[in-house]
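Observations on the three-dimensional arrangement
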Amino acid sequence: QLADDGERVLLIDADPQGSLSQGFFGSERVEGLPASETLTAVFRATTPLDPMPLIVPTPFERLDIVRSNHTLATHNTPEPETLGLAQYAFASLIERLPGYDWVLFDCPPNLYACSWNALVASDAVIIPTPPEDFGTQGLRAVHQAIESAAQLNPRIQRLGHLITRRDSRLLIHHAYEQKLRKLYDDVFDVVVPEASAFKVA
């Protein structure tokens, strides 16, 4: 939508599963990429990296991506606060980016090195939140991680919780959505529904 509105957008796939990259280019092509053509190169670099060779256009105008695949997994380690300068790998990358209006990180569902790097590099965080028990259990840890990242990146802010994959037929989803809106004053009005057509596609 941002690109459609005329903004220049860069997506950074920070998830070793590479689902975002595969959505654009297919699993076979993405899984076959050498580490040097993916976000993994940022962790392997011994000097500040030129981001341009990592950026590839998607089929959509004004929408580019830095791809990821399984080679990133070895760098997505726990206890990221102990990584020293490697905590700033993503921040160093986006400092050298040419003229993008938006840089969006797609993070893995854990708080290891890749998500931590994204927090240290970002201005704001949106927390996707399924309206059910397992989806909400980890929110406290996410909030604490954002607060901890603010010690290295004072400009970061929690933009809000985005309720995702809500099934309007399930009473439990309605109940959890109401609970989330009562607990947090930054839950977006927009809700992303569960869409069977997406899976079928």
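Residues numbered from 1 in each chain as written. Predicted model: local features only at pLDDT ≥ 70, side-chain atom pairs only at ≥ 80, totals over all residues. Heavy atoms only, no water.

1. With respect to unusual backbone geometry
To keep things clear, this is the line we draw: For the purposes of this entry, the term helix denotes a DSSP run of H or I that reaches at least four residues, the term strand denotes a run of E that reaches at least two, and both are numbered from the N terminus. Partly exposed describes any residue whose relative accessible area lies between the buried limit of under 20% and the exposed limit of over 50%, with all areas from a 1.4 Å probe on protein chains only and scaled to the type maximum.
The phi dihedral of Arg62 falls on the positive side, at around 65°, and the residue is not glycine. Tracing the backbone through its elements, the reader meets Arg62 in the loop between strand 2 (55-57) and strand 3 (63-66). Residue Arg62 is classed as partly exposed on the basis of its relative accessible area, which comes to 34%. Unusually for a residue other than glycine, Arg165 sits at a positive phi of about 55°.

2. Topic: the nonpolar core
For the record, the criterion: The nonpolar core is taken to be a set of buried Ala, Val, Leu, Ile, Met, Phe, Trp, Tyr and Cys residues, with the residues joined through side-chain atoms within 4.5 Å. In what follows, a contact means two residues having at least one pair of non-hydrogen atoms within 4.5 Å.
Formed by 21 residues in total, the largest nonpolar core has its most connected members in Leu10, Ile12, Leu39, Val42, Val66 and Phe90. Sorting the residues of this core by element identifies strand 1 (9-13), helix 3 (40-44), helix 4 (89-95) and helix 5 (113-121) as the ones contributing at least two each. Sorting elements by how many residues they give to this core places helix 4 first, with 4 residues. For Val66, the residues in contact, after removing those within four places along its chain, are Leu10, Leu11, Ile12, Asp13, Leu39, Leu54 and Ile55. Listed in part, the 14 residues of the second largest apolar core include Leu139, Ile146, Leu180 and Val187.

3. Focus: the state of the cysteines
Here is the rule: Note on terminology: disulfide denotes any pair of cysteine sulfur atoms within 2.5 Å.
In this structure the tally under the stated criterion is 0 disulfides. Cys114 supplies the cysteine sulfur nearest to Cys107, a cysteine that is in no disulfide, at a spacing of 8.1 Å. The class of Cys107 is partly exposed, set by a relative accessible area of 30%.

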